[in-house]
Amino acid sequence: RVVVVGSANLDLVVTAPQLPRPGETVLGDDFRMVPGGKGANQAVAAARAGADCAFVGAIGGDGFGRLLRDNLAAAGVEVTGLRTVDGPSGVALIAVDHAAENCIVVAPGANAALTLDDGDRDAVAAAGVLLLQLEVPLAEVTRAAGWARAAGAAVVLNAAPARPLPAELLDLVDVLVVNEHEAAVVAGVFTDEPAALLDSLVGLVPRVVLTLGARGAAYADRNGARVEVPAPTIDAVDTTAAGDAFTGALAVALAERGGLTGDTATAVLRWACAAGAACAQRPGASTALPERAAIDALAAA
Ligand code: ADP
């Protein structure tokens, strides 16, 4: 089983001919509400990819929270660890112009109020894989990672949004998943050489998975294994949430295989890349997260 401890946001998205300048009001056209948040997206990604998946997080007692809960449940994610707290749900206010340029304000709301308890400890301890991101308080991320480590569950950390991480958390991570920007921030090195990023990150955690957009993904571990896998060639329509699709699928593959090694990395990364690519083939963010059959088809192509 995959347990995700993380964020749930509702994305409030308006498209408009152009983005407003400070003080300006523009008339938009289309408005959509789309469930988001890296935690919830990765939980949905893992469930669609075929895992038994549970989500631990917080929503507000508003209509947005109800939408977020229903969306997770509809994807087959177990939500007994999703609590309703005082105050508003997390929202992202997103304006997109016709050239796809965007402007985003995130109000973390309930996500910032997530406080884990003993029930969560049991849920985390029952996981094969604990999947974490950085959109809920770092103290809670670290606490969950400590519980998983103590129970022998693998800790997978997607270090997004990018920030430097304390050793206290890094020491609990089994697999770090980062894109190139996140890799540079976590490593504290400014290079665009993937090999140099991997070298420096394996000094911090035992295993690193680096996503490379249309170029695919790379793996490195402390035993000296280095693997690079190309992404499937596709017509990318919208790469939003491709990273979440990749990370959710990676967690599923780890849960199914009981871990990630230099020997299994090629197959695991190929499948996770297929999930990212399948997501990028469709418009939309969380609505584009692929089902297992679509991932398998692209991985076999
Ligand atoms: P993020 O969105 O977090 O920055 P990436 O852009 O690296 O992450 O994308 C995550 C994964 O999604 C990639 O490793 C790749 O497998 C897949 N992907 C993203 N963009 C494309 C693309 N244009 N073509 C094929 N696969 C893609």
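Along each chain, the written sequence defines residue order, and numbers are assigned to residues from 1. Given that the model is predicted, a residue must reach a pLDDT of at least 70 before its local features are reported, and side-chain atom pairs must reach 80 or more before they are shown or counted; all residues, however, enter totals for whole chains, interfaces and linings. Only heavy atoms go into the side-chain values, all of them from the structure, while hydrogens and water stay out.

S.K.: Would you explain the overall build of the protein chain in this entry?
M.R.: Secondary structure follows DSSP: runs of H or I at least 4 residues long count as helices, runs of E at least 2 residues long count as strands, and numbering of each begins at the N terminus. In terms of regular secondary structure, the protein chain is built from 10 helices and 13 strands. Taken against the 2.2 N^0.38 rule, which gives 19 Å for 301 residues, the C-alpha radius of gyration of the protein chain at 18 Å falls within 12% of a compact globule. Dimensions of the protein chain along its principal axes, counting C-alpha atoms only, are 55 × 45 × 40 Å. Three exposure classes are used, based on accessible area relative to the maximum for each residue type with a 1.4 Å probe and protein chains only: buried under 20%, partly exposed in between, and exposed over 50%. Out of the 301 residues belonging to the protein chain, those deemed buried represent 51%. Both definitions apply: the radius of gyration is a C-alpha atom measure, and the globule rule equals 2.2 Å times residues to the power 0.38.

S.K.: Help me understand the sheet that holds strand β9 (residues 154-158) in this model?
M.R.: Through backbone hydrogen bonds, the strands of a sheet pair up, either in parallel or in antiparallel fashion. When DSSP finds at least two bridges between two strands, those strands are taken to pair. If you trace the 9 strands from one edge of the open sheet to the other, you get β5-β4-β1-β8-β9-β10-β11-β12-β13, paired in mixed fashion. Each edge of the sheet is formed by a strand with only one pairing partner; in this case those strands are β5 (78-85) and β13 (226-229). Across this sheet, the average inter-strand angle for adjacent strands is 15 degrees, counted without regard to direction. By the bridge criterion, 5 bridges tie strand β10 (residues 175-179) to strand β11 (residues 207-211) in an arrangement that is parallel. Its bridge partner being in β11, Val177 is matched across the sheet by Val209. By the convention used here, residues are in contact when the closest approach between their heavy atoms is within 4.5 Å. Here the axes come from fitting lines to C-alpha atoms, over the contacting stretch only for helices, and the angles between their N-to-C directions go from 0 to 180 degrees. Running over the sheet, helix α1 (residues 38-48) touches β1 (2-5), β4 (53-60), β8 (129-132) and β9 and is turned about 155 degrees from β4. Along the sheet, helix α7 (residues 194-201) makes contact with β10, β11, β12 (217-221) and β13, crossing β11 at roughly 150 degrees.

S.K.: Help me understand the pattern of salt bridges, please; the structure alone is not making it clear to me.
M.R.: Counted as salt bridges are all cases of a side-chain nitrogen of Lys or Arg within 4 Å of a carboxyl oxygen of Asp or Glu. If you walk through the whole model with that rule in mind, you get 12 salt bridges. We note a salt bridge from Asp120 to Arg83, for which the minimum N-O separation is 2.4 Å. Of this pair, Asp120 sits in helix α3 (residues 118-125) while Arg83 sits in strand β5; the two residues are 37 residues apart in sequence, bridging distant segments of the chain. Here Asp120 and Arg83 have matching classes, each one buried. Salt-bridge contacts for Arg292 lead to Glu256; the nearest nitrogen and oxygen are separated by 2.9 Å. Of this pair, Arg292 sits in helix α10 (residues 292-300) while Glu256 is found in helix α8 (residues 242-257), placing the two residues 36 residues apart along the sequence. Residue Arg292 is classed as partly exposed on the basis of its relative accessible area of 29%. Take Glu256: its relative accessible area is 49%, and that puts it in the partly exposed class.

S.K.: Which parts of the structure should I look at to understand the packing of helix α9 (residues 265-280) against α10?
M.R.: Between two packed helices, what matters for the description is the angle formed by their axes and the separation of those axes. The N-to-C vectors of α9 and α10 enclose an angle of 115 degrees; their axes lie 8 Å apart at closest approach. When the axes of α9 and α10 are compared, the pair comes out roughly perpendicular. In this structure, α9 crosses over α10, and the sense of that crossing is right-handed. Contacts between α9 and α10 involve Arg270, Trp271, Ala274, Ala275, Ala277 and Ala278 on the former and, on the latter, Arg292, Ile295, Asp296, Leu298 and Ala299. Split into classes, the residues belonging to the contact of α9 with α10 amount to 8 nonpolar, no polar and 3 charged. Angular relationships are summarised with four words: roughly parallel below 35 degrees, roughly antiparallel beyond 145, roughly perpendicular across 65 to 115, and oblique for the angles in between. Crossing chirality is assigned from the near helix's rotation relative to the far helix, an anticlockwise turn below a right angle marking it left-handed and a clockwise turn marking it right-handed. Residues were grouped as follows: Ala, Val, Leu, Ile, Met, Phe, Trp, Tyr, Cys and Pro as nonpolar; Asp, Glu, Lys and Arg as charged; and all remaining residues, including Gly, as polar.

S.K.: Can you help me understand unusual backbone geometry in this one?
M.R.: Looking along the chain, the bond that leaves Ala160 and enters Pro161 is cis, with omega of -5 degrees. Among the secondary structure elements, Pro161 is positioned in the loop between β9 and α5 (167-170). With a phi angle near 70 degrees, Ala100 is a residue other than glycine that sits in the positive phi range. Tracing the sequence through the fold places Ala100 in the loop between β6 (90-97) and β7 (102-107). Look at Ala100 and you get exposed, because its relative accessible area is 59%. Residues other than glycine seldom take positive phi values, yet Ala241 does so here, at roughly 75 degrees. Within the secondary structure, Ala241 is located in the loop between β13 and α8. Accessibility expressed as a relative area gives 11% for Ala241, which makes it buried.

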